[in-house]
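What follows is each chain in one-letter form.
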Amino acid sequence: MSTTLLLIQTLNGLQFGVMLFLMAAGLTLVFGIMNLVNLAHGSLYMMGAYFAAAATSWTGNPLLGIALAIPAALILGLLVELITLRTLYQRDHLDQVLCTFGLILFFNELARVLWGSAAIPMAIPESFTGFVTIIPGLIYPKWRLAIIVVGLLVALLLYVLITHTRLGMLIRAGASNRAMVGALGVNISLLFTLVFGLGAALAGLAGAMVAPLLSVEPGMGDPILILTFVVIVIGGIGSIRGAFIASLLVGLIDTVGRAFLPALLREAFQTQSANTVGAALASMLIYILMAAVLFFRPRGLFPPKGR
Amino acid sequence: MRVDLRLLLILLVVACLALLPVAALLAEEPYWMRFWSRIMILGLAAAGLNLILGFGGLVSFGHAMYVAIGAYTVGALRHHGVEGGLPDILVALGASAGVGLLIGAICLRTSGIFFIMITLAFAQMTYFFFVSLEQYGGDDGMRIASGTQLGPLHLDDTLTLYYSAFLLLCGVIFLTWRLVNARFGMVIRGARSNEQRMAALGIPVFRYRLTAYVISAMICALAGVLLANLTLYISPAYTHWTRSGELLIMVILGGLGTLFGPVIGAIVLLQLEDLLAHITQHWQLFLGPILILVVLFARGGLLGLLAPRQISQRPAEEIDG
């Protein structure tokens, strides 16, 4: 268990974390402001990945493909909001869970109809293939590093948007007290649509950027969706800051846990089954973290004030 | 006298279920019995979920976990050479009660969306736990050598299983009926409407909810035992989060907080799946939008559509703000 390996796994965890953040930022805002449980967020991520793969094979340029996937995901998100979700804001969470569950079934199958059941490969953009030396002895794939940089940039942009613009002020106000913002004469339904579109674009970006790393296939959004929910529940629903911290926490714990826990247990107990127990425990770690957080702080680590 | 369409439908369904094996034997279609056993087993699990979801207003997104615990009990006991049926049932009930007590006590500290998410988290943990059990097949699952045997009753026999599921389902619905109309049920339903008011009356809401949660877990575990007998196969997929989602759908589809809603929901959902699957390979493309339409337009579920006009059963939190 060398230091280099630990550093690489930490970077992997960071990359996973910022990608989770791209997903969680949109989901936590939609959840916090509109009080909407959107299970279909993972489908937007999946569609983002498909759009990127399709646009890449169409234009022949992965970077252009990814750039095209973002507005495509944005438009898809706006359509979904306008057609189905808009009527759900006043309903209880149960109706929202079921309706968006229906959307998941629909989009997974749609992907299968349009692009087939098999995974679609997508190339890493040419200028980002290969490795980069971060410090002597530590080389890291360029593309993963690029994802980390883009994720952190988006986090910075969101921070500026939320804390220093009028739109951000309305978003924060909406997360704290929806009814009051409406009473003050703000066009809530337009704000909702904008926020949902923003979330969809971010989910699309996340999907498009990891498309070259993972296999683009139907249902790829489902596992990431659950993790994203874990993130926003740990972070406190409606809080971008909470989502950011929780994303990195979950990304790091999950990646590092999976990499080292089986080996640690094997050394500690010297038994055959330590490996599988370790692997299972590593998969469970973040859920244990979430249950513990909810046990001690039932509204997450950073719940928005004034609710 | 006005004819209650719901009552008619329910009587019709019960009569059909009771007589179905006769029709299946006459038509020489044993598959019918297996298919409808599956429907009733999932209806049984949905009825268990309905106890806390429909009457208690607690949205558990992890109840497939208890079905899996029941199924794995059968698989594990058979794997370790324990024959006979009584251990299956007792261990399944005991394990689900123990797990339900522990997990329920943790989950019920939270409410609303956090309850949904923490139950989901525990179901995911169970999923990965079952994946890690390599002696029981790990990721792939495992075949079960033989089913549950209760004296002369062999539950892995198609006809026996069918009527066991049927009687158990009737029993659970009867139990639910007695429970929700007893003082216990009044407290559970009252706590759904207004938890503070119940607490102010001096009622320990938490203990009542926990009891309901454990009972509901045990019903699901029984469904799991039957499911293992039907498939003679166990797999971590039984506790996948989409299975919990399907149970929720059945309850909603039939009608939240109605006695027969979960059964109607299970029948409609599985029949719809079967029907669409016969028409097109891409049946989910149609099932998804159908679900959305039901949620958007058929509030109160299918039984709600047939109900005489009355004040809609909207969840209390909307009314009380």
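Residues numbered from 1 in each chain as written. Chains lettered and ligands numbered in written order. Predicted model: local features only at pLDDT ≥ 70, side-chain atom pairs only at ≥ 80, totals over all residues.

**Looking at the overall build of chain A**
Reasoning step 1: Each helix and strand counted, chain A has eleven helices and two strands in total.
Reasoning step 2: For chain A, the succession of helices and strands along the chain, N to C, is α-α-α-α-β-β-α-α-α-α-α-α-α.
Reasoning step 3: Computed over the C-alpha atoms, the radius of gyration of chain A is 20 Å, within 12% of the 19 Å expected from 2.2 N^0.38 for a compact globule of 307 residues.
Reasoning step 4: Projecting the C-alpha coordinates of chain A onto the three principal axes gives extents of approximately 65 × 50 × 35 Å.
Reasoning step 5: In chain A, which comprises 307 residues, the proportion classed as buried is 52%. (Helix = DSSP H or I, 4+ residues; strand = E, 2+ residues; numbered from the N terminus. Rg over C-alpha atoms; globule rule 2.2 N^0.38 Å. Buried ≥ 20, exposed ≤ 12 C-beta atoms within 10 Å, placed from the backbone.)

**Examining the pairing of strand E1 (residues 131–135) of chain A**
Residues and elements named next belong to chain A.
Reasoning step 1: Where E1 and strand E2 (residues 138–141) come together, four bridges link them in antiparallel fashion. Note on E2: the bridge partner recorded for valine 132 is tyrosine 140.
Reasoning step 2: Connecting E1 to the antiparallel partner E2 that follows it, the hairpin turn spans two residues, and glycine 137 within it adopts a positive phi of roughly 90°. (Pairing = 2+ DSSP bridges.)

**A word on the interface of chain B and chain A**
Reasoning step 1: On the chain A side, the residues contacting the 37 residues of chain B number 38 residues.
Reasoning step 2: Elements that contribute at least two residues to the side of chain B that touches chain A include exactly helix H5 (113–132), helix H10 (241–254), helix H12 (284–297) and helix H14 (316–320) of chain B.
Reasoning step 3: Among the elements that take part in the side of chain B that touches chain A, H5(B) stands out by supplying 13 residues, more than any other.
Reasoning step 4: Within the side of chain B that touches chain A, the residues separate by chemical class into 25 nonpolar, eight polar and four charged. (Contact = placed C-beta atoms within 7 Å. Nonpolar A, V, L, I, M, F, W, Y, C, P; charged D, E, K, R; others polar.)

**Thoughts on the nonpolar core**
Reasoning step 1: Counting residues in each nonpolar core, the largest one holds 211 residues, and the members touching the most others are A:Ala49, A:Ala73, A:Val230 and B:Leu44.
Reasoning step 2: Top element by residues in this core is helix H9 (residues 205–231) of chain B. It accounts for 17 residues.
Reasoning step 3: With sequence-adjacent residues up to four places away left out, A:Ala49 is seen in contact with A:Gly207, A:Ala208, A:Val210, A:Ala211, A:Val216 and A:Met220. (Core = buried A, V, L, I, M, F, W, Y, C linked by C-beta atoms within 7 Å.)

**So, the confidence of the model for chain B**
Residue and element names in this part refer to chain B.
Reasoning step 1: Overall, the prediction assigns chain B a mean pLDDT of 87, with 94% of residues at 70 or greater.
Reasoning step 2: Within chain B, no element has a lower average pLDDT than H14, which sits at 39, and none a higher one than H9, at 95.
Reasoning step 3: In the predicted structure, residues 310–321 sits below a pLDDT of 50 and forms 15 contacts with residues beyond four places in sequence or in another chain.
Reasoning step 4: At the level of chain-chain contacts, confidence expressed as ipTM amounts to 0.80, with global pTM at 0.86. (pLDDT = per-residue confidence, 0-100.)

**Description of H10(B)**
Residues and elements named next belong to chain B.
Reasoning step 1: Between its first and last C-alpha, H10 extends 20 Å over 14 residues, near the 20 Å set by a 1.5 Å rise per residue.
Reasoning step 2: Taking burial as the measure, the 14 residues of H10 include 13 buried ones, the bulk of the element.
Reasoning step 3: Looking one or two residues beyond H10, the residue adopting positive phi is glycine 255, at roughly 135°. (Expected span 1.5 Å × (residues − 1).)

**Observations concerning unusual backbone geometry**
All names here are of chain B.
Reasoning step 1: Look at glutamate 28: it is not a glycine, yet its phi comes out positive at around 55°.
Reasoning step 2: For glutamate 28, the position within the fold is in the loop between helix H1 (5–26) and helix H2 (30–55).
Reasoning step 3: The phi dihedral of leucine 232 is positive, around 50°, even though this residue is not glycine.
Reasoning step 4: Here leucine 232 lies in the loop between H9 and strand E4 (233–234).

**Description of helix H11 (residues 261–279) of chain B**
Reasoning step 1: Under the 1.5 Å per step criterion, the end-to-end length of H11(B) is 27 Å for 19 residues, consistent within 8% with the ideal 27 Å.
Reasoning step 2: Looking at the packing, one finds that the buried side of H11(B) touches H1, H2, helix H6 (158–181), H10 and helix H13 (301–306) of chain B.

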